[in-house]
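The residues making up each chain are set out below.
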Amino acid sequence: MSKVPICRCEEITEDEIRQAIEEGACTVNGVKKRTGAGMGLCQGRTCRKLIARMIEQHYEMKPGEVESSTVRAPVRPVKVDTFLCQCEPPEKNTNGDGR
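Residues numbered from 1 in each chain as written. Predicted model: local features only at pLDDT ≥ 70, side-chain atom pairs only at ≥ 80, totals over all residues. Heavy atoms only, no water.

**Q** An account of the nonpolar core is needed here, citing residue identities and associated values.
**A** In terms of nonpolar packing, the biggest core is built from 16 residues, with Ile17, Val31, Ile51 and Ile55 touching the most fellow members. Sorting the residues of this core by element identifies β1 (5-7), α1 (14-22), α2 (28-35) and α3 (48-58) as the ones contributing at least two each. A per-element tally of this core places α3 first, with four residues. When near neighbours in sequence (up to four residues on either side) are disregarded, Ile17 contacts Ile6, Ile12, Val31, Thr35, Ala37, Ile51 and Met54. (Core = buried A, V, L, I, M, F, W, Y, C linked by side-chain atoms within 4.5 Å. Buried < 20%, exposed > 50% of the residue type's maximum accessible area, 1.4 Å probe, protein only. Helix = DSSP H or I, 4+ residues; strand = E, 2+ residues; numbered from the N terminus. Contact = heavy atoms within 4.5 Å.)

**Q** Give me α2: which residues, what numbers.
**A** Restricting attention to buried positions, one finds in α2 the residues Val28, Asn29, Gly30, Val31 and Lys32. Those residues of α2 hidden inside the fold are in contact with α1 and α3. Where α2 ends, the next residue or the one after it, Gly36, has phi of about 90°, a positive value.

**Q** Before we move on, could you go through the environment of Val66 and cite the residues and values that matter?
**A** Structurally, Val66 is set in the segment after α3. Assessed through its relative accessible area of 10%, Val66 is described here as buried. A sequence separation of 38 residues divides Val66 from Val28, and the C-alpha atoms of the two residues are 7.5 Å apart. Those residues in contact with Val66 that sit more than four places away from it in its chain are Cys26, Thr27, Val28, Ala52, Ile55, Glu56 and Met61.

**Q** Just give me the short version of α3, but keep the residues and values in it.
**A** For α3, the complete set of buried residues consists of Ile51, Ala52, Met54, Ile55 and Glu56. Elements that come into contact with the buried residues of α3 comprise β1, α1 and α2. Following α3 by one or two positions, Glu60 has its phi on the positive side, about 50°.

**Q** So what's going on with the pattern of salt bridges? Which residues, and what values?
**A** Here the structure, examined in full by the defined rule, presents one salt bridge. With a shortest N-O distance of 2.8 Å, Glu14 and Arg18 are connected by a salt bridge. In this pair, Glu14 and Arg18 are both assigned in helix α1, four residues apart and thus about one turn of the helix distant. Since its relative accessible area comes to 18%, Glu14 is described here as buried. With relative accessibility at 32%, the residue Arg18 sits in the partly exposed group. (Salt bridge = Lys/Arg side-chain N within 4 Å of Asp/Glu carboxyl O.)

Any functional reading would require information that these geometric values do not contain.
Shown next, in the form of structure tokens:
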């Protein structure tokens, strides 16, 4: 068993990738759907080529034959204040009747 991390962002190991491939994943997106590899902060920029190479080896494909995966822009943290309304706070009730 190999506990070598392939997708560091999602902590997916080589064994998990190999299992997904043995269960029929023949594209990087197929592995991504089965394991979550490539869905972390880097969006597969670190692990995509390793996963493609593992698929090529398993299915005895030539380099570059594996269908490329979908790539999204990296996620960046956003402060909650960005989403808050910038309007005036509601007026406080000063008449004492609770309304």
